[in-house]
Amino acid sequence: MAGTHTHPDAPRAGARPTALPRVVAASLIGTTIEWYDYFLYGSAAALVFSKVFFPNTDPLTGTLLSFLTYAIGFAARPLGGLFFGHYGDRIGRKRLLVLSLLLMGCATTLIGLVPGYDTIGVAAPVLLTVLRLIQGFAVGGEWGGAVLLVSEHGDPRRRGFWASWPQGGAPAGNLLAVGVLSFMTSVQSDSAFVAWGWRIPFLLSAVLVGVGLWIRLRVDESPLFKEAQARAEARRAETKAEQTPLLAVLRHHWRDVLVAMGARMAENISYYVITTFVLAYCVDHLGLDKQTALNAVLIGSAIQFCLIPLFGALSDRIGRKPVYLVGAVGVGAWSWAFFGLLDTKSFPELVLAVTVGLVFHSAMYAPQAAFFSELFATRMRYSGASIGAQFASVAAGAPAPLIAVALIKSYGDSTPISVYVTMAAVLTVVALLCARETRGRDLAAVDGEAEPAHEVRPNEVRPVNQ
């Protein structure tokens, strides 16, 4: 309203929001732990689950079945996105983030306790699949809440940089998961690792979740959410009907949901090919040892973690779309060199293949948090961002390793996989070309029902009281 409009990210009157660095740290550590749990499953599926849960099959078929249980977890991600998005837009981001962390930690710890096929027969893969579904449900609500908590606390001029830090939780979680598995394989024989060693990283999740909960419980709720909630309560007091967040998203932001889904295609598919399928490809197809493949992903993930904030900051200077487009085009082109480098069986070239692929992935993943946050209004932002991201994951990340294994099994050659990644890149480029640039947008002004949102230019400082 005239005379009382505040800077989009200034503290509201009477509010004492948590300092931004603490919010960033809480989101980064929480997402790192959740992605550690999630990626640990993918790495274990590539390396050991075929032997533990599908021992009566040949190696590639066992890996295919392991990746099938892995893909099933993605089916629960949209359900998690709907559930956490709905209640996150109704009762707050923080409470739902605590719940998602608890669910993920419990499921991952229990995976470490599931007996193998030789002990309980078919019940073993069934229990494994159920726990994977719980993991998928939890991570479906994690991403949206973590990036929104930072985006809604932060400075609009540096939102790309600050919101990219929770994105760093993915490579950090993968780094942690692969690092622990790499350590276990280096100090154990293959037989000991298959018998019990692989369980230790899963059981470790119980300790990590305790740390994550302690940190997350110490941050404040998003000030923008509190303001939106107060307006919603005022409307209800005036007996005005309030649409559920899901219906509001589908009514006012359906185009933005489609843009988010398209933008996820190249990002999601390439990531799981580069970091998960690559383990199965190196071990089962090329005959390399587990340690070599794990170390290549370890190095690439460490470099990616350092690059994500840099690409986030770049998106604040030149825009979300240009940075994202570079990543999409780059990963499509690189997919043709990627497998050629792997086929040399040379460790330096393995590292180069994975690292360059993750550099291009970082250019998409870093600005994604701010980009998706800026597409949706506050009262439906958790729902909108989660729906766009998680529904896309069912078509993108879920089947990516499965499709890649099936293609290599059918053709014995990596060319069809490169075609697959390139097609995903084309879809993402088309989605981005249809999208609006969102850099500098005032999150408090984004509204599906009202006028277009005011944009805060990179060098513009709006007074607190206009």
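Please provide a residue-by-residue account of the overall build of the protein, values included.
When its secondary structure is counted, the protein shows 20 helices and zero strands. Every one of the 466 residues in the protein was classed for burial, and the buried ones make up 59%. For the protein, the accessible surface area stands at approximately 17000 Å², while carbon and sulfur atoms represent 67% of it.

Residues and numbers for a nonpolar patch on the surface, please.
Together, Ile29, Leu204, Val207 and Val211 give the surface a local cluster of nonpolar side chains, amounting to about 300 Å² of exposed area. Relative to the elements of secondary structure, valine 207 occurs in helix H11 (residues 205–216). On the basis of relative accessibility, which here comes to 54%, the residue valine 207 falls in the exposed class.

Describe the packing of aromatic side chains, naming the residues involved and giving the relevant values.
This structure, assessed with the given rule, holds 29 aromatic pairs. Both rings, one in phenylalanine 53 and one in tryptophan 198, keep their centres 6.0 Å apart while their planes meet at 75°; by these two values the pair is edge-to-face. Taken together, the residues span a long stretch of sequence, with phenylalanine 53 in helix H2 (residues 49–53) and tryptophan 198 in the loop between helix H9 (190–197) and helix H10 (199–203) at a distance of 145 residues. With a relative accessible area of 1%, phenylalanine 53 lands in the buried category. Seen in terms of ring centroids, phenylalanine 83 and phenylalanine 137 are 5.5 Å apart; in terms of plane orientation they differ by 45°. Their pairing is tilted. Linking phenylalanine 83 in helix H3 (residues 59–91) with phenylalanine 137 in helix H6 (residues 123–151), this pair joins segments that are 54 residues apart in sequence. Using a relative accessible area of 33% as the deciding quantity, one classes phenylalanine 83 as partly exposed. Here phenylalanine 137 falls in the partly exposed class, since its relative accessible area comes to 23%. Every member of this aromatic cluster is reached through a ring pair, and the members are Trp35, Tyr38, Phe39, Phe67, Tyr70, Phe74, Tyr271 and Tyr272. Its guanidinium or amino end placed over the ring of tyrosine 38, arginine 132 lies 4.0 Å from that ring's centre, counting from NZ or CZ. Just above the ring of tyrosine 41 sits the side chain of arginine 132; from NZ or CZ to the centre is 4.4 Å.

I'd like a rundown of the packing of helix H14 (residues 254–285) against helix H18 (residues 381–395), residues and numbers included.
In a pair of packed helices, the angle between the axes and the distance between the axes together describe the arrangement. One can describe the packing of H14 onto H18 by two numbers: an axis separation of 8 Å at closest approach and a directional angle of 45°. By the angle between their directions, the pair H14 and H18 is classed as oblique. Where H14 crosses over H18, the handedness of that crossing is right-handed. Judged by residue contacts, Val257, Ala260, Met261, Arg264, Met265 and Asn268 of H14 engage Gly384, Ile387, Gly388, Ala389, Phe391, Ala392, Ser393 and Ala395 from H18. Each residue belonging to the contact of H14 with H18 can be placed in one class, and the counts come to nine nonpolar, four polar and one charged.

Just give me the short version of helix H15 (residues 290–318), but keep the residues and values in it.
Taking 1.5 Å as the rise per residue, H15 with 29 residues should run 42 Å; its terminal C-alpha atoms sit 41 Å apart, in good agreement. Taking the largest bend as the criterion, H15 deviates by roughly 30°, centred on leucine 307, and proline proline 309 comes between one and four positions later. Among the residues of H15, the N-terminal cap falls to aspartate 289, whose side-chain oxygen and the backbone nitrogen of glutamine 291 are separated by 3.1 Å. Just beyond H15, the residue with positive phi is glycine 319, at close to 115°.

An account of the environment of valine 249 is needed here, citing residue identities and associated values.
Take valine 249: it is sitting in helix H13 (residues 245–252). When the C-alpha atoms of valine 249 and arginine 379 are compared, they prove to be 9.4 Å apart, with 130 residues separating the residues in sequence. If we ignore the near neighbours within four places in the chain, the residues touching valine 249 are Trp254, Val257, Met380, Ser383, Gly384 and Ile387.

Explain the packing of helix H1 (residues 20–47) against helix H8 (residues 169–187) to me, and be specific about the residues and the numbers.
Axis separation between H1 and H8 bottoms out at 7 Å; the angle between their running directions is 50°. Classed by the angle they form, the pair H1 and H8 counts as oblique. Considering how the two elements wind past one another, H1 and H8 form a crossing that is right-handed. Facing H1, whose interface residues are Leu28, Thr31, Thr32, Trp35, Tyr36, Phe39, Leu40, Ser43 and Ala44, H8 presents Gly169, Ala170, Ala172, Gly173, Asn174, Leu176, Ala177, Val178, Val180 and Leu181.

Tell me about the nonpolar core, residues and numbers included.
Ranked by internal contacts, the top residues of the largest apolar core, which has 134 residues, are Phe49, Phe53, Trp198, Tyr272, Phe277, Phe338 and Leu342. Looking at this core element by element, the count peaks at 18 residues for H14. Those residues in contact with phenylalanine 49 that sit more than four places away from it in its chain are Tyr41, Ala44, Phe54, Ser66, Ile111, Leu128, Trp198 and Phe202.

Outline the confidence of the model for the protein, supporting the account with residue identities and numerical values.
Averaged over all residues, the pLDDT of the protein is 84; the fraction at 70 or higher stands at 88%. For residues 1–17, every residue scores under 50 in pLDDT, and the model assigns this stretch 39 contacts once sequence neighbours within four places are set aside. A low-confidence stretch, residues 449–466 (pLDDT under 50), is modelled with 43 contacts involving residues beyond four sequence positions or located in other chains.

Break down the pattern of salt bridges for me, citing the residues and quoting the values.
For the coordinates displayed, the defined rule picks out seven salt bridges. Note that aspartate 190 is salt-bridged to lysine 290, the shortest N-O span being 3.9 Å. Separated by 100 residues along the polypeptide, aspartate 190 in helix H9 and lysine 290 in helix H15 bring together distant segments of the chain. On the basis of relative accessible area, lysine 290 is assigned to the buried category, the value being 12%. Two residues, aspartate 256 and arginine 436, come together in a salt bridge whose shortest N-O distance is 2.8 Å. Of this pair, aspartate 256 sits in helix H14 while arginine 436 sits in the segment after helix H20 (415–433), and the two are 180 residues apart along the sequence. For aspartate 256, a relative accessible area of 8% gives the class buried. You can call arginine 436 partly exposed: its relative accessible area is 43%.

Mind laying out the side chain of asparagine 268, listing which residues take part and the relevant values?
Topologically, asparagine 268 is positioned in helix H14. Residue class for asparagine 268 comes out buried when judged on its relative accessible area of 2%. Side-chain polar atoms of asparagine 268 contact the backbone nitrogen of glycine 397, separated by 2.8 Å. Other than its neighbours up to four places away in sequence, asparagine 268 contacts Phe74, Ser393, Ala396 and Gly397.

The rules we used
- Residues numbered from 1 in each chain as written.
- Predicted model: local features only at pLDDT ≥ 70, side-chain atom pairs only at ≥ 80, totals over all residues.
- Heavy atoms only, no water.
- Helix = DSSP H or I, 4+ residues; strand = E, 2+ residues; numbered from the N terminus.
- Buried < 20%, exposed > 50% of the residue type's maximum accessible area, 1.4 Å probe, protein only.
- Areas by Shrake-Rupley, 256 points an atom, 1.4 Å probe, with all protein chains shown as cover.
- Patch = residues over 30% accessible without salt bridge, like charges linked within 9 Å, V, L, I, M, F, W, Y side chains within 5 Å.
- Salt bridge = Lys/Arg side-chain N within 4 Å of Asp/Glu carboxyl O.
- Phe/Tyr/Trp six-rings, centres within 6.5 Å; stacked < 30°, edge-to-face > 60°.
- Lys NZ or Arg CZ within 6 Å of the ring centre and 35° of its normal.
- Axes fitted to C-alpha atoms, helices over the stretch in contact; angles between N-to-C directions.
- Parallel < 35°, antiparallel > 145°, perpendicular 65-115°, else oblique.
- Left-handed = near helix turned anticlockwise from the far one by under 90°.
- Contact = heavy atoms within 4.5 Å.
- Nonpolar A, V, L, I, M, F, W, Y, C, P; charged D, E, K, R; others polar.
- Expected span 1.5 Å × (residues − 1).
- Bend = angle between axes of the 7 residues up to and from the residue.
- Polar contact = N/O pair within 3.5 Å; in protein donor to acceptor, adjacent residues only side chain to side chain.
- Core = buried A, V, L, I, M, F, W, Y, C linked by side-chain atoms within 4.5 Å.
- pLDDT = per-residue confidence, 0-100.

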